[in-house]
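Per-entry structural report
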Amino acid sequence: MNILEFTGVIALGSLLAGFLGALTGLGGGVIIVPLLTLLLGVDIRYAIGASLVSVIATSSGAAAAYVKEGYTNIRIGMFLEIATTMGALVGAFMAARLPVAAIGAIFGAVLLYSTYHSLNPKPELSGLDHPPDRLAALLRLDGTYPTEHGPVSYHVRAVPLGFGLMGVAGVLSGLLGIGSCAVKVLAMDQVMRIPFKVSTTTSNFMIGVTAAASAGVYLRRGYIDPGVAMPVTLGVLAGSMMGARFLTGAKTPLLRKIFSGVIALVALEMIYNSFTGRL
């Protein structure tokens, strides 16, 4: 495979990754890292570096559209970014000290756990039937989001637990280069009981800052190759803008199935290749 073919494959794969990343809140990294490592033979640390750059592109491409549509809860995003950014710095330093096989196995395990919880969601709580969380009310985190029947209100739950899980998500972002959105979306959706579309769009709003924190560490260590990062970034940016337009009319059950199917297949592949020494 020559350089032109290599770049074209990366760009097309990144276009798909950006589309699914914007659609599900994953950020695209769950496809880009396996694409580069398993299909194209790129070292996993360089793949993670390129993925982190693409995560920033996804956030830039999709976040503005979601804010304009009224789905993103900016106050939740800014508050939870405190935890994810600190965690991302820890994860980026850990990545240089863990063996490649261990990183791949952790990647797969996290995604399998995410798949299980995404396919077994708790019922969404109505903002009218349950009292608000005291801390969420103090921080003014509750909000509304648009539906075909008009704006629907919601209350945020379990703020301290959600904040702690965001710290874990930040560590995984720095370690695995996935934007940690699988964990972020599930923390907001399952623990903080935020509606799924609000969770995915707020996750897209957050991932740029989280990825930027850990990308700086990878850049300093020489793990960001412009020849790989450039087509990844351009492809993901275009795909994320397409995904943002598609999401507003998509049904939540469909989004959950896409979310779960993609990450389950990737998880099994990454775990298999970690234990067989192919990473």
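Figured I'd write up the structure that's included with this text. (Residues numbered from 1 in each chain as written. Predicted model: local features only at pLDDT ≥ 70, side-chain atom pairs only at ≥ 80, totals over all residues. Heavy atoms only, no water.)

**Side note on helix α4 (residues 74-95)**
Between its first and last C-alpha atoms α4 spans 30 Å; for 22 residues at 1.5 Å apiece the expected length is 32 Å, and the two agree. Among the residues of α4, Ile76, Gly77, Leu80, Glu81, Ala83, Thr84, Gly87, Ala88, Gly91, Ala92 and Ala95 are the ones counted as buried. Put simply, Asn73 is the residue that caps the front of α4, since its side-chain oxygen is 3.3 Å from the backbone nitrogen of Arg75. (Helix = DSSP H or I, 4+ residues; strand = E, 2+ residues; numbered from the N terminus. Expected span 1.5 Å × (residues − 1). Buried < 20%, exposed > 50% of the residue type's maximum accessible area, 1.4 Å probe, protein only. Polar contact = N/O pair within 3.5 Å; in protein donor to acceptor, adjacent residues only side chain to side chain.)

**Structural notes on the nonpolar core**
Judged by nonpolar contacts, the single largest core of 40 residues is most densely connected at Leu36, Ile44, Ile48, Tyr218 and Val232. The leading source of residues in this core is helix α3 (residues 44-69), at six residues. Not counting residues up to four positions away in its chain, the partners in contact with Tyr218 are Arg45, Ile48, Gly49, Leu52, Ala92, Ala95, Gly174, Leu175, Tyr223 and Ile224. Counting residues in hydrophobic clusters, the runner-up holds 17 residues, among them Leu141, Tyr145, Met166 and Ala187. (Core = buried A, V, L, I, M, F, W, Y, C linked by side-chain atoms within 4.5 Å. Contact = heavy atoms within 4.5 Å.)

**What to know about the packing of helix α7 (residues 159-176) against helix α9 (residues 196-220)**
In the contact formed by α7 and α9, the axes pass within 9 Å of each other and the chain directions differ by 45°. Comparing their axes, α9 and α7 come out oblique. α9 is crossed by α7, and the crossing has right-handed handedness. Residue-level contacts link Met166, Gly170, Ser173, Gly174 and Leu175 of α7 to Met206, Thr210, Ser214 and Tyr218 of α9. Its residues assigned to classes, the contact of α7 with α9 shows four nonpolar, five polar and no charged. (Axes fitted to C-alpha atoms, helices over the stretch in contact; angles between N-to-C directions. Parallel < 35°, antiparallel > 145°, perpendicular 65-115°, else oblique. Left-handed = near helix turned anticlockwise from the far one by under 90°. Nonpolar A, V, L, I, M, F, W, Y, C, P; charged D, E, K, R; others polar.)

**Description of unusual backbone geometry**
Positive phi values are uncommon outside glycine, yet Ala158 reaches one of about 45°. Considering the arrangement of structural elements, one finds Ala158 in the loop between β2 (152-154) and α7. With relative accessibility at 25%, the residue Ala158 sits in the partly exposed group. Even without a glycine there, the phi angle at Arg193 is positive, about 60°. Tracing the backbone shows Arg193 in the loop between α8 (181-191) and α9.

**Examining the environment of Thr202**
Summarising the element assignment, Thr202 is placed in helix α9. It is 8.7 Å that separates the C-alpha atoms of Thr202 and Val67, two residues lying 135 residues apart in sequence. Excluding residues that lie within four positions of it along the chain, Thr202 makes contacts with Thr72, Asn73, Ile76, Gly77 and Met188. For Thr202, the side chain forms a polar contact with the main-chain nitrogen of Asn73, separated by 3.2 Å.

Geometric descriptors of this kind do not, in isolation, establish any biological role.
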